[in-house]
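Inside the fold
Listed here are the chains, written in short residue letters.
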Amino acid sequence: MGNQIKQILLGLVAFLSVLGLYVFPSTAFASSEISLNDLEPSDTTYYFHENRWSSNSNFTDVHGNLLANGIGLYDYDGGGSHATYNIDNMGYRNFQGRITLDSQWLVGDYGKSAIGIYADDLLLYTKQIPKDKVLEVNLKLPKTTKNLHIVVKQLQGAKGEQRVVITDGKFTSSGSYLNVSDTTTSLATIGAQDHSYYYNYGQWDSNSVFQDVKGNITISDLGLYTYNGGRAYATFNIDQMGYNVFETKITLDSKWITGDYGKTAVGIYADDVLLYEKQLTAKTAVQKVKLHIPKGTKNIILVTQQNAGARGTQKVVFIDPVVKKTKDKVKTVNKTVSLNTVGATNNSYYFSKNSYSDSSFQDIKGNLLTSGISLSTYNGGDAYAEYDIQNMDFNGFLAKLSLDSKWVTGDYGKSTIYIYADNKILYSKKLTKNSAVSNLKLRIPSNAKTFKVVVKQVGGAKGTHKVILNNAVLTKMKVSSTLKTSQIKVVNNKKKSDVVTVSSLKAGDYIKVYNSKGTLLATSKKATKTSVSVSIKQLGKSKGTVYVTKISSSSLESYKQKKSYRAE
């Protein structure tokens, strides 16, 4: 009856407006209270009911009590259902109601259900719906709320699916608004501008909803996985939208963790800047993530890297992923671009970007890596990748160097890596199965035109190593201040190791010592006080010179300072 009266009144208003006898107010005002049943939903899924399921089937609560009013939601094969109510400019400050499962679909295996209530993209309430009690909800609404979304997600049981009733639902204008200073937007609202094939929004398929690692149904989420290993991703463009915070929860879906489903890592990037990386296992709890988005970010990129197991791959769920405009200080980062974004102008055959065709890069410890490059040869020789960096204004290169753990057990020969700028060597290192992960922070000479990575290999009985540069990026950073000769002391000892000491340092600084040919002799540990020392087995019996540099936190290696030393 309420809906009929409402439709008659709306028709009368429309008729009077045509005659010019009614003027719409600039701001709409609502009554102090309105029942959910008297407000027509602006959008619903198919299985939506008001007051009863059918002419001969009334709503009941979990205890079997008949319900006089309410809305009912379910999905015939399990999955998702929803009802949306537009309350824009109506002045409602509160939503109240009671949530229950209908007792007629409880005895036996009818699966399970969860509910979420949203004010636009802001999650106000979420709960796994119990079989033995009625849930009371009393929610404050943000003043700017345009739509209230009631979302139900379900997993079907052997007998079918449960049915959910929201009874005594109403909006009221009493009380205060929910104090919300942030502007929240779901990544689902923004939409992925680019994604890999196995990307899902809301649920895996029409009747298979997302779950967390404990088996709880999740509500408004994104899912990523690969068919048989490798890389999956979704890219969201937020250019010039003013968002400075990204929040989500991350979990493996419990349906794909029992047995050998391989292993998984996730990464979150702001353009080419790695904000977050995590290895996920069946024992990893739901991860709550809050990240500050760097100023000028164009894209948020969610990445899943996987190696398949005997049963396939795990599935990753990003629970309620949102970007926000907050009062938090805007994060600034150094200008950074991935080598893969720059793109190699020339490379050898066994060169891979971000992953192999059906598996992921791993470091020497077996951790999966969410970005980088890999170089190897078929059975020895040179592997390389060359990049044109002229006029890009980068002065640094950052990466984590490692052998891939899948190619170290047994005889895989020998590998040495060389890194050049304009054919001038910046770094070299022999790599063995015992080599730990090396953090590279290399200073590129100004006005360099080319950057090149070369791996020289001798094959073994099982082939060759695969050399990984994880999160390999070009960057523009501060350069550490050059040491003064007065800070450096060199003692050329007789019959024992020689010692180089540098004083007047800050905690976290460390030094490198080179000979006159530019060969690296020693690298110190990070200073814990104001000085550090390094031992060098033999500088030479005669007098000579060393060249010492300093590396400060968040800065590149300084220019070399020459220091003479006496004969033994």
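All figures in this text were calculated on a predicted structure; none of them were measured in a lab. (Residues numbered from 1 in each chain as written. Predicted model: local features only at pLDDT ≥ 70, side-chain atom pairs only at ≥ 80, totals over all residues. Heavy atoms only, no water.)

1. Here we look at the overall build of the protein
Within the protein, the regular secondary structure consists of 3 helices and 46 strands. Relative to its length of 568 residues, the protein is extended, with a C-alpha radius of gyration of 31 Å against a globular reference of 24 Å. Taken along the three principal axes of its C-alpha coordinates, the protein extends 105 × 55 × 40 Å. Counting over 568 residues, the protein shows a buried share of 50%. At a minimum sequence separation of 6, the contacts of the protein that also span at least 24 residues come to 77%. Accessible surface for the protein amounts to roughly 28100 Å². Of this, 48% is attributable to carbon and sulfur atoms. The centroid of the 71 positive side-chain charges in the protein is displaced by 17 Å from the centroid of its 44 negative side-chain charges. (Helix = DSSP H or I, 4+ residues; strand = E, 2+ residues; numbered from the N terminus. Rg over C-alpha atoms; globule rule 2.2 N^0.38 Å. Buried < 20%, exposed > 50% of the residue type's maximum accessible area, 1.4 Å probe, protein only. Contact = heavy atoms within 4.5 Å. Areas by Shrake-Rupley, 256 points an atom, 1.4 Å probe, with all protein chains shown as cover. Lys, Arg positive; Asp, Glu negative; His and termini not counted. Charge placed at Lys NZ, Arg CZ, Asp CG, Glu CD.)

2. Quick look at the confidence of the model for the protein
In the predicted model, the protein carries a mean pLDDT of 94, and the fraction of residues at 70 or more is 95%. Residue range residues 1–10 is modelled with pLDDT below 50. Its contacts to residues more than four positions away, or to other chains, number 8 contacts. Within the model, pLDDT remains below 50 along residues 12–29, and this stretch shows 9 contacts once partners closer than five positions in the same chain are excluded. (pLDDT = per-residue confidence, 0-100.)

3. Concerning the pattern of salt bridges
Inspection of every chain in the model, using the stated rule, returns 6 salt bridges. In this structure, Arg-98 engages Asp-168 in a salt bridge whose closest nitrogen and oxygen atoms are separated by 3.1 Å. Taken together, the residues Arg-98 in strand S8 (residues 94–101) and Asp-168 in strand S13 (residues 164–172) connect sequence positions 70 residues apart. Exposure remark for Arg-98: the relative accessible area of 22% places this residue in the partly exposed category. Note on Asp-168: relative accessible area 36%, which makes it partly exposed. For Asp-393, the salt bridge is made with Lys-476, and the minimal N-O distance between the two is 2.7 Å. Here Asp-393 is found in the loop between strand S31 (380–388) and strand S32 (396–403), whereas its partner Lys-476 is found in the loop between strand S37 (467–475) and strand S38 (478–479), with 83 residues between them in sequence. Here Asp-393 falls in the partly exposed class, since its relative accessible area comes to 46%. (Salt bridge = Lys/Arg side-chain N within 4 Å of Asp/Glu carboxyl O.)

4. Structural notes on the pairing of S31
The sheet contact formed by strand S28 (residues 346–347) and S31 spans 2 bridges and is antiparallel. When the sheet's bridge partners are listed, Asn-347 is paired in S31 with Ala-385. In terms of strand pairing, S31 meets strand S36 (residues 450–458) through 9 bridges, oriented antiparallel. Of the residues in S36, the one forming a bridge with Gly-380 is Val-458. (Pairing = 2+ DSSP bridges.)

5. Focus on the nonpolar core
Of all hydrophobic cores here, the largest spans 32 residues; its most connected members are Phe-397, Ile-417, Phe-451 and Leu-469. Residue assignment for this core shows that the elements contributing at least two residues are strand S30 (372–375), S31, S32, strand S33 (414–421), strand S34 (424–431), strand S35 (438–443), S36 and S37. Setting aside anything within four residues of it in sequence, one finds Ile-417 in contact with Leu-401, Tyr-427, Ser-428, Lys-429, Leu-431, Val-453, Val-454, Val-455, Val-467 and Leu-469. By size, the runner-up hydrophobic cluster in this structure holds 30 residues, among which are Leu-73, Leu-101, Tyr-125 and Val-164. (Core = buried A, V, L, I, M, F, W, Y, C linked by side-chain atoms within 4.5 Å.)

6. Some words on the packing of aromatic side chains
Centre-to-centre distance and the angle between the planes together describe a pair of aromatic rings. Tallied over the entire structure, the rule returns 20 aromatic pairs. Geometrically, the ring pair formed by Tyr-198 and Tyr-225 is tilted, given 4.8 Å between the ring centres and 40 degrees between the ring planes. With a gap of 27 residues between them, Tyr-198 in the loop between strand S15 (194–195) and strand S16 (199–201) and Tyr-225 in the loop between strand S19 (221–224) and strand S20 (230–237) connect regions that are remote in the sequence. What makes Tyr-198 partly exposed here is its relative accessible area of 26%. Ring geometry for Tyr-350 versus Tyr-378: centroids 6.3 Å apart, planes at 20 degrees, classification stacked. With Tyr-350 in the loop between S28 and strand S29 (351–353) and Tyr-378 in the loop between S30 and S31, this pair connects stretches of sequence that are 28 residues apart. A relative accessible area of 34% places Tyr-350 in the partly exposed class. For Tyr-378, a relative accessible area of 66% puts it in the exposed group. Grouped by ring-pair contacts, the aromatic residues Tyr-46, Tyr-47, Trp-53, Phe-59, Tyr-74, Tyr-76 and Trp-105 constitute a single cluster. A cation sits over an aromatic face here: Lys-315 above Tyr-225, 4.2 Å from the ring centre. (Phe/Tyr/Trp six-rings, centres within 6.5 Å; stacked < 30°, edge-to-face > 60°. Lys NZ or Arg CZ within 6 Å of the ring centre and 35° of its normal.)

7. With respect to the sheet that holds S36
A sheet is described by the order of its strands in space; here 5 strands give the open sequence S28-S31-S36-S33-S34, paired in antiparallel fashion. Only two strands of the sheet have a single neighbouring strand rather than two, namely S28 and S34. Pairing geometry for S33 and S34, over 7 bridges, is antiparallel. Of the residues in S34, the one forming a bridge with Ile-419 is Tyr-427.

8. Points about the environment of Ala-119
Along the polypeptide, Ala-119 turns up in strand S9 (residues 112–119). On a C-alpha basis, the gap between Ala-119 and Pro-142 in space is 7.3 Å, while along the polypeptide they are 23 residues apart. Residues in contact with Ala-119, not counting those within four places in the same chain, are Leu-124, Pro-142, Thr-145 and Asn-147.

9. Here we look at the sheet that holds strand S25 (residues 299–307)
An order of S15-S20-S25-S22-S23 is seen for the 5 strands of this open sheet, with the pairing classed as antiparallel. Each of the sheet's edge strands pairs with one partner strand only, and the pair in question is S15 and strand S23 (273–280). Relative to S25, S20 runs antiparallel, the two sharing 8 bridges. Looking at S25, one finds that Gly-230 is bridged to Gln-306.

10. Quick look at unusual backbone geometry
Although it is not a glycine, Asn-51 adopts a positive phi angle of roughly 70 degrees. Residue position: Asn-51 is located in the loop between strand S3 (48–50) and strand S4 (52–54). Although it is not a glycine, Asp-271 sits at a positive phi angle of roughly 55 degrees.

11. Quick notes on the side chain of Thr-416
With respect to the helices and strands, Thr-416 occurs in strand S33. On the basis of relative accessibility, which here comes to 15%, the residue Thr-416 falls in the buried class. Those residues in contact with Thr-416, other than ones at most four positions away along the chain, are Lys-429, Lys-430, Val-454, Val-455 and Lys-456.

12. Some words on the side chain of Glu-161
Following the sequence through the fold, Glu-161 ends up in the loop between strand S12 (147–155) and S13. Buried charge without a salt bridge: Glu-161, with Arg-163 as the nearest opposite-charge side chain at an N-O distance of 4.9 Å. A polar side-chain atom of Glu-161 sits 3.2 Å from a polar atom in the side chain of Gln-156. Excluding residues within four positions of it along the chain, Glu-161 makes contact with Tyr-74, Asp-75, Tyr-76, Asp-77, Gly-78, Trp-105, Tyr-110, Gln-154 and Gln-156. (Polar contact = N/O pair within 3.5 Å; in protein donor to acceptor, adjacent residues only side chain to side chain.)

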